[in-house]
Amino acid sequence: MVLAGGDDAGAKTLLEKSRENLLKKQTRDAVELLLVELSLARLASRQGEFDLCQKHSGEAWRICRMHYPADHPETGRCYRQLADNFTAMEMSEDAAGLYAKALAIFEAHLARTTRSLRRPTPLS
């Protein structure tokens, strides 16, 4: 719902309930909260609620850094979301650096994946 840009109020309600349910079962450091926090940040950004956007982005970034190495695609996704948020707040210089970091991570991951697909497999 968040990506499609349809029913923002419905998406927000579902995401907040998901966050609440996850927190009943997990700690606030649980990796399962990452997507929820990123989605809530995206919604808040789209609605111009930049303080709320920064809060959710910060939580997503904190969780991401706890669970993923600096070169992991999820870390790249966090950089990209943070950059999207800065873009929405018209902070394009800050966004540009984050987009560059995200792109570097995605390109490196793609290169590693491509190399592993090209390796010949030994015949049995």
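Because the structure is a prediction, the values reported are computed rather than measured.

The rules behind each value
Residues numbered from 1 in each chain as written. Predicted model: local features only at pLDDT ≥ 70, side-chain atom pairs only at ≥ 80, totals over all residues. Heavy atoms only, no water. Helix = DSSP H or I, 4+ residues; strand = E, 2+ residues; numbered from the N terminus. Buried < 20%, exposed > 50% of the residue type's maximum accessible area, 1.4 Å probe, protein only. Contact = heavy atoms within 4.5 Å.

Draft legend 1. Spatial organisation of the environment of Leu38. Mapped onto the fold, Leu38 is located in helix α2 (residues 33-46). Given the relative accessible area of 7%, Leu38 is considered buried. Note: C-alpha distance between Leu38 and His109 (71 residues apart in sequence) is 21 Å. Residues within four places of Leu38 in sequence aside, it is in contact with Ala60, Arg77, Cys78 and Gln81.

Draft legend 2. Expanded view of the side chain of His56. As for its position among the elements, His56 is in helix α3 (residues 50-67). The class for His56 is buried, based on a relative accessible area of 7%. Here His56 is in contact with Glu37, Leu40 and Ala41, once residues within four sequence places are set aside.

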